[in-house]
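# Observations on the three-dimensional arrangement
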Amino acid sequence: MSIDYLQSYEHMGKVEISCISGCECAATTVDALRPDLKESVPKETNRIKISQDKACTVMLRVLDESSSGSEHKFKIDKLTVSVYMSS
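Below is a summary of the structure that appears in this document. Quantities reported herein were computed from a predicted structural model and do not represent experimental measurements.

In this section: the state of the cysteines. Joining two cysteines, a disulfide is a covalent bond between their sulfur atoms. Under the definition given, this model contains two disulfides. Across the disulfide, Cys-19 is cross-linked to Cys-25 (sulfur-sulfur distance 2.1 Å). On the sign convention where negative means left-handed, the S-S torsion of about 120° between Cys-19 and Cys-25 marks this disulfide as right-handed. Residue Cys-25 is classed as partly exposed on the basis of its relative accessible area, which comes to 21%. Through a disulfide, Cys-23 is tied to Cys-56; the S-S separation comes to 1.9 Å. Taking the sign of the S-S torsion, about 50° here, the bridge from Cys-23 to Cys-56 comes out right-handed. One end of the pair, Cys-23, is in the loop between strand E2 (14-21) and strand E3 (28-31); the other, Cys-56, is in the loop between strand E4 (41-44) and strand E5 (57-62), and 33 residues separate them in sequence. Sequence-ordered numbering of the bonded cysteines in the protein gives a pairing of 1-3, 2-4.

One non-glycine residue with positive phi stands out, namely His-11, at about 70°. Tracing the sequence through the fold places His-11 in the loop between strand E1 (2-7) and E2.

Scoring rules and cut-offs
Residues numbered from 1 in each chain as written. Predicted model: local features only at pLDDT ≥ 70, side-chain atom pairs only at ≥ 80, totals over all residues. Heavy atoms only, no water. Disulfide = S-S within 2.5 Å. Buried < 20%, exposed > 50% of the residue type's maximum accessible area, 1.4 Å probe, protein only. Helix = DSSP H or I, 4+ residues; strand = E, 2+ residues; numbered from the N terminus.

The structure is reproduced here in structure tokens:
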């Protein structure tokens, strides 16, 4: 699975990605704040490996903690799920 999300130099927060039912994956935290940027830019995360199953529930939870202080904005542009066949 991969997620395209907005990164910006201000107003952005963090999201935790985890598998909660029917599959397994390592919980991952993504921080959309990039103070080194001068503008907002789209960004694709690294792929998140999820075990294959007929049904899988993945949760994206905006965290209370934030690198930008009290702001928690997290904008998802695209979520992509791909199946990889082993050879």
